[in-house]
Amino acid sequence: SAVISQKPSRDICQRGTSLTIQCQVDSQVTMMFWYRQQPGQSLTLIATANQGSEATYESGFVIDKFPISRPNLTFSTLTVSNMSPEDSSIYLCSVVGGVSDSTDTQYFGPGTRLTVL
Amino acid sequence: GNSVTQMEGPVTLSEEAFLTINCTYTATGYPSLFWYVQYPGEGLQLLLKATKADDKGSNKGFEATYRKETTSFHLEKGSVQVSDSAVYFCALSDQGGSYIPTFGRGTSLIVHP
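Residues numbered from 1 in each chain as written. Chains lettered and ligands numbered in written order. Predicted model: local features only at pLDDT ≥ 70, side-chain atom pairs only at ≥ 80, totals over all residues. Heavy atoms only, no water.

A. Focus on the overall build of chain B. The secondary structure content of chain B amounts to zero helices and 12 strands. The secondary structure elements of chain B, listed N-terminal to C-terminal, are β-β-β-β-β-β-β-β-β-β-β-β. What you see for chain B is a C-alpha radius of gyration of 14 Å, in line with the 13 Å of a compact globule of 113 residues. Structurally, chain B occupies a C-alpha span of about 45 × 30 × 20 Å along its principal axes. Sorting the 113 residues of chain B into buried and exposed places 42% on the buried side. Taking contacts inside chain B between residues at least 6 apart in sequence as the whole, the part at least 24 apart equals 56%. (Helix = DSSP H or I, 4+ residues; strand = E, 2+ residues; numbered from the N terminus. Rg over C-alpha atoms; globule rule 2.2 N^0.38 Å. Buried < 20%, exposed > 50% of the residue type's maximum accessible area, 1.4 Å probe, protein only. Contact = heavy atoms within 4.5 Å.)

Here's what the structure looks like:
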């Protein structure tokens, strides 16, 4: 299984500012994803982070608001731009397709708990 | 499209009680099925999985059987502990598709001493 770390683990931010969340995996993986989990809710997929090209965004999410980078097979960043209180959520990085694992098992990072005042 | 339906929570039990959390799914083809657990303040962890009909996934005393005839993957544990208190998510992954799972809404389990 893949070991995933995220930084920061939590943050409190002011309205109108931006926060970049980092996701680091201990092995090369095929696919990386970013999810949002609002309080008491299930997971909502924001986008698939594609290595070396633009991310693929789900309906309701746009690049200007959630720019994503993935420079290599082990690292990705998600930026939450021009934040508002509605962006308060847990943001989760996940991966599929490790070197020695089946391609349909998804592993998650510990999450970044964001509060926007 | 694919969908996962879980029983509404919270489920509240006393320690050592029997647990069942129902999960049914709708999918085209033959998906893989998963249970994930999210402990308070943490991310999701894979609890168990099953990849074909009649497979039984098991881990930490939890088990679930892939029932194609009833399109179900109910989670069970014979004797729950306070430390099992968490949110449990049922999910499916279309093996012939993009591998992006479809998640249920989650079921909160609260176990009292």
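B. Broad picture of the packing of aromatic side chains. Applying the stated rule across the entire model yields nine aromatic pairs over all chains. Both rings, one in A:F61 and one in A:F66, keep their centres 5.6 Å apart while their planes meet at 65 degrees; by these two values the pair is edge-to-face. An aromatic cluster of at least three residues, connected via ring pairs, comprises A:Y35, A:F108, B:F34, B:Y36 and B:F103. (Phe/Tyr/Trp six-rings, centres within 6.5 Å; stacked < 30°, edge-to-face > 60°.)

C. Representation of the interface of chain A and chain B. Between chain A and chain B, the residue contacts involve 21 residues of the former and 21 residues of the latter. Between chain A and chain B the total buried area reaches about 1,500 Å² when both faces are included, carbon and sulfur atoms providing 54% of it. Taken together, chain A and chain B are joined by zero salt bridges. Connecting chain A to chain B are four residue pairs in polar contact (both at pLDDT 80 or more). Within the residue set of the side of chain A that touches chain B, elements represented by two or more residues are β4 (29-37), β5 (43-49), β9 (89-98) and β10 (106-108) of chain A. If one sorts the elements of the side of chain A that touches chain B by residue count, β4(A) sits on top with four residues. When its residues are assigned to classes, the side of chain A that touches chain B shows 10 nonpolar, nine polar and two charged. (Buried area = accessible area lost by both parts, 1.4 Å probe. Salt bridge = Lys/Arg side-chain N within 4 Å of Asp/Glu carboxyl O. Polar contact = N/O pair within 3.5 Å; in protein donor to acceptor, adjacent residues only side chain to side chain. Nonpolar A, V, L, I, M, F, W, Y, C, P; charged D, E, K, R; others polar.)

D. Here's a closer look at unusual backbone geometry. A:P8 follows A:K7 through a cis peptide bond whose omega is -5 degrees. Tracing the backbone shows A:P8 in the loop between β1 (4-7) and β2 (10-13). Of note, the bond from B:G9 into B:P10 is cis; its omega dihedral lies within 30 degrees of zero at -5 degrees. Within the secondary structure, B:P10 is located in the loop between β1 (3-6) and β2 (11-14). Residue B:D54 is not a glycine yet carries a positive backbone phi of 75 degrees. Topologically, B:D54 is positioned in the loop between β6 (44-50) and β7 (56-59). Within the chain, B:K60 stands out as a residue other than glycine whose phi angle is a positive 55 degrees.

E. Local environment of the state of the cysteines. Residue and element names in this part refer to chain A. Taken as a whole, this structure holds two disulfides over all chains when the rule is applied. Here C23 connects covalently by a disulfide to C93, the sulfurs 1.9 Å from one another. On the sign convention where negative means left-handed, the S-S torsion of about -65 degrees between C23 and C93 marks this disulfide as left-handed. Here C23 is found in strand β3 (residues 19-25), whereas its partner C93 is found in strand β9, with 70 residues between them in sequence. You'll find C23 and C93 in the same group, each marked buried. No disulfide involves C13; its sulfur sits 18 Å from that of C23, the nearest cysteine. For C13, a relative accessible area of 7% gives the class buried. (Disulfide = S-S within 2.5 Å.)

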